[in-house]
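What the coordinates show
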Amino acid sequence: MALLNSILAQLLNGLRIGSIYALIALGYTMVYGIAKMINFAHGDIIMVGAYALYVFVSILHVPAVPAVILTIAFCALMGITIEKVAYKPLRNAQRLAVLITAIGVSYLLQNLALLIFKATPIPFGSIIKVPSIQIAGLTISGLTIVTLAVTALIMAGLTLFVNKTKIGHAMLAVSEDQGAAELMGINVNRTISITFAIGSALAAVAGILYICQYESLIPTLGAIPGIKAFVAAVLGGIGSIPGAMFGGMALGIIESMSKAYISTQLSDAIVFSVLVIVLLLKPSGILGKLSVEKV
Amino acid sequence: MALLDVKNLGISFGGLRAVDGLNMTIEQGALVGLIGPNGAGKTTVFNLLTGVYRPTDGTILLDGEELIGKSPSQICQTGVARTFQNIRLFSQMSVLDNVKAALHNQVKYGLQGSLFHTPGYRKKEKAIDERAREVLRVFELEQFADYKASNLPYGKQRKLEIARALATEPKLLLLDEPAAGMNPQETAELMATIEFIRNQFHVTILLIEHDMKLVAGICEYLYVLNFGTELANGLPEEVLNDPEVITAYLGE
Amino acid sequence: MKKYGKQILGCVAAIAVYVAVTAAVNMGVMSRQMMSLIVPVCMNIMLAVSLCMVVGFLGELSLGHAAFMSIGAYAGALVLKSGLPTVAALPLAVVTGGACAAVLGLIVGIPVLRLRGDYLAITTLAFGEIIKSVFNAATPITGGAGGLKRIPPVTTYRNFTFVYVLMLIVIVLVSNLVNSRHGRAICAIRDNYIAAEAIGIKVSLFKTMAFVLAAFMAGMAGVVYAGNIGILRPGNFDYNTSIEILVMVVLGGMGNITGSIIAAALLTLLPELLRGLSNYRMLVYAIVLIAMMLFSNSPLRRMLAEKRNMRQADKIQ
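What comes next is a walk through the structure. (Residues numbered from 1 in each chain as written. Chains lettered and ligands numbered in written order. Predicted model: local features only at pLDDT ≥ 70, side-chain atom pairs only at ≥ 80, totals over all residues. Heavy atoms only, no water.)

Describing the pattern of salt bridges
Per the counting criterion, the structure on display carries 22 salt bridges over all chains. Here glutamate 125 of chain B and arginine 184 of chain C are joined by a salt bridge, their closest N and O atoms 2.9 Å apart. Highlighted residues: glutamate 125 of chain B in helix H5 (residues 119–138) and arginine 184 of chain C in helix H8 (residues 181–191), drawn from two different chains. The buried category is assigned to arginine 184 of chain C, whose relative accessible area is 5%. The shortest N-O distance in the salt bridge between glutamate 142 of chain B and arginine 137 of chain B comes to 3.2 Å. Of the residues examined, arginine 137 of chain B reaches a relative accessible area of 47% and is grouped as partly exposed. (Salt bridge = Lys/Arg side-chain N within 4 Å of Asp/Glu carboxyl O. Helix = DSSP H or I, 4+ residues; strand = E, 2+ residues; numbered from the N terminus. Buried < 20%, exposed > 50% of the residue type's maximum accessible area, 1.4 Å probe, protein only.)

Section: the interface of chain B and chain C
Accessible area lost during the coming together of the parts is what is often quoted as the interface size. Contact residues are listed per partner, giving 39 residues for chain B and 32 residues for chain C. The contact between chain B and chain C buries some 3200 Å² in all, and 60% of this surface belongs to carbon and sulfur atoms. Summed over the three residues of chain B that lose the most area to chain C, namely Phe90, His104 and Leu115 of chain B, the buried surface amounts to 20% of that side. Summed over the shared surface of chain B and chain C, the result is 14 residue pairs in polar contact (both at pLDDT 80 or more). If you list the elements that add at least two residues to the side of chain B that touches chain C, you get helix H2 (72–78), helix H3 (95–102), helix H4 (111–116), H5 and helix H6 (154–167) of chain B. Here the side of chain B that touches chain C is built from residues that sort into 19 nonpolar, eleven polar and nine charged. (Contact = heavy atoms within 4.5 Å. Buried area = accessible area lost by both parts, 1.4 Å probe. Polar contact = N/O pair within 3.5 Å; in protein donor to acceptor, adjacent residues only side chain to side chain. Nonpolar A, V, L, I, M, F, W, Y, C, P; charged D, E, K, R; others polar.)

A few points about the pairing of strand S3 (residues 31–35) of chain B
All names here are of chain B. Within S3, five of the five residues are buried, which leaves the element mostly enclosed by the surrounding structure. Side chains of S3 alternate between two faces, with Leu31, Gly33 and Ile35 and Val32 and Leu34 buried alike. As paired elements, S3 and strand S8 (residues 204–208) share four bridges and run parallel to each other. When the sheet's bridge partners are listed, leucine 34 is paired in S8 with isoleucine 208. Alignment of S3 against strand S9 (residues 221–226), held across four bridges, turns out to be parallel. Within the sheet, the bridge partner assigned to leucine 34 lies in S9 and is tyrosine 223. (Pairing = 2+ DSSP bridges.)

Examining the side chain of glutamate 209 of chain B
All names here are of chain B. Mapped onto the fold, glutamate 209 is located in the loop between S8 and helix H8 (212–218). Nearest to the buried, unbridged glutamate 209 among oppositely charged side chains is arginine 158, at 7.4 Å. For glutamate 209, the side chain forms a polar contact with the main-chain nitrogen of alanine 179, separated by 3.0 Å. (Lys, Arg positive; Asp, Glu negative; His and termini not counted.)

A word on the sheet that holds S9 of chain B
The strands that make up a sheet pair up through hydrogen bonds in the backbone, lying either parallel or antiparallel. All names here are of chain B. Taken in spatial order, the six strands of this open sheet run S6-S7-S8-S3-S9-S10, and their pairing is mixed. Edge positions in the open sheet fall to strand S6 (80–82) and strand S10 (229–234), since each of these has one partner strand only. Across the sheet, the mean angle from the axis of one strand to that of its neighbour is 20°, orientation sign disregarded. Of the strands in this sheet, S3, S6, strand S7 (172–176), S8 and S9 touch helix H1 (residues 42–49), which is tilted by about 145° from S8. In the packing of H6 onto the sheet, contacts are made with S6 and S7, and the angle to S7 comes to roughly 160°. (Axes fitted to C-alpha atoms, helices over the stretch in contact; angles between N-to-C directions.)

Quick look at the packing of aromatic side chains
Overall, the coordinates contain 17 aromatic pairs over all chains when judged by the stated rule. An angle of 45° between the planes, with centres 5.8 Å apart, marks the rings of tyrosine 87 of chain A and phenylalanine 196 of chain A as tilted. One end of the pair, tyrosine 87 of chain A, is in helix H3 (residues 64–87); the other, phenylalanine 196 of chain A, is in helix H8 (residues 188–214), and 109 residues separate them in sequence. Each member of the pair, tyrosine 87 of chain A as well as phenylalanine 196 of chain A, is classed as buried. Plain terms: the ring middles of phenylalanine 160 of chain C and tyrosine 164 of chain C are 5.1 Å apart, the flat faces sit at 40° to each other, and that makes the pair tilted. Here phenylalanine 160 of chain C and its partner tyrosine 164 of chain C are both found in helix H7 (residues 160–178), four residues apart, which amounts to about one turn of the helix. Looking at phenylalanine 160 of chain C, the relative accessible area reads 7%, which means it is buried. Following the ring pairs from residue to residue traces out a cluster consisting of Tyr51, Tyr54, Phe117 and Phe124 of chain A. Over the ring of phenylalanine 84 of chain B we find arginine 88 of chain B, and its NZ or CZ is 5.6 Å from the ring centre. Geometry around phenylalanine 90 of chain B places arginine 164 of chain B over its ring, the cationic atom sitting 4.5 Å from the centre. (Phe/Tyr/Trp six-rings, centres within 6.5 Å; stacked < 30°, edge-to-face > 60°. Lys NZ or Arg CZ within 6 Å of the ring centre and 35° of its normal.)

Structure (structure tokens):
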């Protein structure tokens with residue numbers, strides 16, 4: 001019973017971390033699907049979100065709910081700006097050039113944060129104040145409940161948005177064939193902007209949930225969840241929305257299980273080994289489509 | 001014995017039968033055309049012959065040696081070289097280096113030679129340089145040896161691709177639409193070059209082409225593909241006047 | 001003839017730099033800071049030139065170069081600490097470090113055969129992180145997060161000649177390779193792997209070869225690092241280190257060995273020369289990366305390139 005409880009507790013833990021990974025992974029996957037690039041700077045949007053929330057709440061004393069909305073809006077704008085300035089001029093360039101630029105943007109964001117907020121960790125109290133509940137001897141923290149609920153809502157909303165709205169259809173069309181979509185009268189630039197905005201907004205939500213969990217801010221806080229979410233996106237098959245959700249959850253569970261039952265120090269190694277093994281077995285990820293170059 | 005002997009060759013992509021039951025025999029030294037309307041599966045046949053795709057059934061014998069199961073690089077070493085419909089040069093490398101790269105298996109030396117530039121390396125590199133320039137001379141490209149391949153005009157890029165394929169010393173040379181995008185004068189020059197290399201290098205040639213003037217002008221035998229199956233084969237004047245072939249090209 | 005001219009120029013430059021640095025050290029005109037940078041400059045040149053082979057010539061992005069370096073550093077450090085006399089220990093350490101890194105390069109080479117582009121980049125990154133956590137966890141051998149301490153200082157600036165020769169070896173090997181059968185195969189794969197295969201080049205063999213050679217050289221650089229700094233911590237070999245090396249290669253003009261050498265030397269020396277700007281160093285790196293990429297793909301640049309092509313085309317006709 002104790003073992004079962006502990007496994008269940010770890011499972012919940014995994015789902016909580018996995019939700020955050022999934023939210024970030026969705027951004028990677030959507031941008032990849034549409035702009036065919038890995039937005040390496042995506043992880044750092046989480047950091048921007050976390051610092052923005054800190055500025056709004058602790059410095060400008062904005063109440064929690066408007067602060068969250070402002071943070072999301074700020075990150076969405078940031079995403080659009082980055083795309084316009086750094087990625088748009090490279091739309092027809094080599095993949096390597098785009099990837100290196102994205103790495104540059106990631107570095108730029110981290111080092112700007114470092115200059116503005118310095119390297120010392122800034123403590124930050126969680127803004128989510130929901131009491132924990134007890135079910136059959138299992139304590140579920142308020143943060144876990146909020147994280148899971150928010151993630152579930154966002155995923156349902158996003159699925160509906162992509163499949164039912166006009167903009168969603170435009171996104172699917174652009175990801176299928178940019179040239180053809182443009183000829184059909186779809187505004188490709190606007191669709192890409194919207195994708196970056198949505199991806200960054202999701203990263204902002206992830207950043208808020210993340211910071212409420214860890215309660216401490218450093219300029220590189222986005223790097224590790226960013227890389228892991230990327231792993232999750234690749235695991236699920238990059239470009240696939242359900243894949244990102246699945247990959248994120250799977251990764252969270254693998255991580256919390258290996259932390260609890262194998263080794264804390266080796267948990268990262270295990271997570272990345274899973275990635276390498278999955279890619280070796282299925283080079284396009286679990287739910288991804290393999291693109292073959294035509295000869 | 002024929003140089004190339006293809007029996008019952010077929011490949012499916014999912015439910016699509018791209019090539020089905022193809023038989024083809026090419027004699028040593030022949031110049032054969034493979035024609036057919038767009039989407040007939042001509043390039044797929046080339047991809048099967050060069051190991052880019054693995055056929056679902058059939059056999060491909062080159063000089064009696066089975067090609068199926070070999071990788072593209074092994075097939076090249078067995079003696080099949082090709083050009084591509086959409087030119088695939090090593091665009092960042094010089095014209096000369098494009099050909100030198102193709103001499104990869106013709107003049108060999110070990111990694112220690114490459115790393116330490118041993119005397120053996122110098123001797124072999126000299127041979128490579130001479131051979132590469134010789135091939136370029138045939139295609140009148142020698143004066144552009146130091147140009148970046150992507151800086152050549154289109155027609156010369158096509159020629160360089162043929163030169164590169166020829167440098168691997170193939171028994172069978174596959175040309176995928178060599179005249180595509182060329183003007184009539186360039187095409188006429190190309191026809192002369194193809195004739196010349198066949199006689200000079202004793203190479204057997206199979207080419208895909210839409211330019212019927214070229215096909216009728218130099219091919220000695222034709223295979224016609226339609227919807228992945230063989231529609232006709234025979235001498236050019238017979239095949240090109242075959243009502244079935246004309247219907248396949250022009251419709252009813 | 002042109003080729004030999006370049007080689008002679010290289011030799012002259014190599015000797016001149018050697019004489020200048022040795023003289024400056026012996027005459028005591030260098031500050032302590034500058035002297036402490038001599039070995040890092042050599043080391044970074046080794047790293048940049050070896051990464052140049054993967055990124056510039058093979059055309060694959062490796063984000064795990066620091067991992068190869070770390071394997072070499074730890075393996076070399078263990079040899080150095082074994083108590084052998086320096087004369088024997090140092091060459092042995094360099095070879096062991098390189099060999100261990102090359103073995104990792106071979107392991108990384110397996111996914112390299114199946115993956116391309118973005119997937120490959122992320123896999124190299126994952127490998128780097130795996131190695132780092134393994135070093136962190138393997139406390140009995142590596143000292144874990146506390147570090148592997150008291151490594152004999154055998155590759156400091158006092159032993160400049162050894163480090164310099166090692167660096168020259170790396171440079172010469174990579175430049176030799178480019179002008180060879182193997183180098184052409186690697187560049188051909190970068191430009192068009194389908195065509196490379198079609199002319200009989202074994203793509204997987206040469207991709208692995210490039211990774212293994214680069215790893216070997218990075219491993220040797222790692223040994224130099226260990227013998228210079230005296231203590232190794234897994235955190236020293238993170239993703240940021242890999243990116244710093246990548247910046248050198250990109251700044252040097254991807255695939256240009258001389259460029260990589262100059263960029264590596266400059267980027268190592270600059271922070272010291274501009275001490276006041278040290279806070280902005282990483283920020284400047286980031287901007288340099290973005291600006292380089294945007295410039296090399298800008299309409300202006302394309303226009304210039306087109307003009308050049310037109311001129312060449314004119315000459316052809």
